[in-house]
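Single-letter residue listing:
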Amino acid sequence: MSDLFKKELLFKILVVGDFGVGKTSIIKRYAEGTFSPKYKMTIGADFALKQLDWDSETRINIQLWDIAGHERFGYLTSVYYRYAVAAAIVFDLTRPDTFFAVAKWLADLRDKVSLPVGRPLPVIILANKGDVAANKVPPQIEEFCKKNHITSWYVTSAKENRNIDEAMNRVVVEVLENQ
Ligand code: GTP
Ligand code: MG
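Rules used in this analysis
- Residues numbered from 1 in each chain as written.
- Chains lettered and ligands numbered in written order.
- Predicted model: local features only at pLDDT ≥ 70, side-chain atom pairs only at ≥ 80, totals over all residues.
- Heavy atoms only, no water.
- Helix = DSSP H or I, 4+ residues; strand = E, 2+ residues; numbered from the N terminus.
- Rg over C-alpha atoms; globule rule 2.2 N^0.38 Å.
- Buried < 20%, exposed > 50% of the residue type's maximum accessible area, 1.4 Å probe, protein only.

Visitor: Before we move on, can you summarise the overall build of the protein with the specific residues and values?
Guide: Scanning the protein from terminus to terminus reveals six helices and six strands. When the helices and strands of the protein are read in sequence order from the N terminus, they spell out β-α-β-β-α-β-α-β-α-α-β-α. Radius of gyration (C-alpha) of the protein: 16 Å, near the 16 Å computed for a compact globule of 179 residues. Counting only C-alpha atoms, the protein reaches 50 × 35 × 30 Å along its principal axes. Burial statistics for the protein: of 179 residues in total, 48% are counted as buried.

Next up, the structure:
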């Protein structure tokens, strides 16, 4: 089908989680195909765009919101969360405390974002830095997801480009199911 007749959708997707877990790296890998080992803290929020030719009739413009993980930016989240249709919560497999913070990020999302249809926001969990600690997946993760109506979680690596496209496709499917 000619591009002229394609249906265009715009999805705002949030990426949250503690500082240094790899949110910016995952977004850079997904949207630009690059990775840097240097840490540069995100200030406030940032965003990136990715265009997906989903099927022959549909083009999806994904707007990824990269939310600063550092506590001092916490008060800003309700502004950044507005009009989001889904979220990815990221934690760092090498730092167990960042998994415990997932519950806090989820509560913040559930508290501040409601979809017009009244359904809960689709959320996925990304266990990042799988290239260095794939064997450190917290055993509670399955139960945590089940209890909180989260349908998918993935071990990812922004460094080695592992499972990032798969995870993002899964989010898109869940958003489309809500349309
Ligand atoms: P804030 O902006 O402070 O919230 O942090 P962030 O979550 O955006 O983390 P960022 O993407 O800046 O990554 C933090 C550090 O982890 C950087 O040094 C990255 O290079 C590194 N990193 C990110 N993802 C991976 C990964 O998959 N594997 C490895 N080995 N390192 C990673
Ligand atoms: Mg960042």
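Next comes the rest of the account.
Visitor: How would you sum up unusual backbone geometry? Please name residues and give values.
Guide: A positive phi angle, close to 70°, is found at K129, a residue other than glycine. Examined against the element boundaries, K129 turns out to sit in the loop between β5 (123–128) and α4 (130–133). Phi is positive for N163, which is not a glycine, with a value near 65°. Examined against the element boundaries, N163 turns out to sit in the loop between β6 (152–155) and α6 (164–178).

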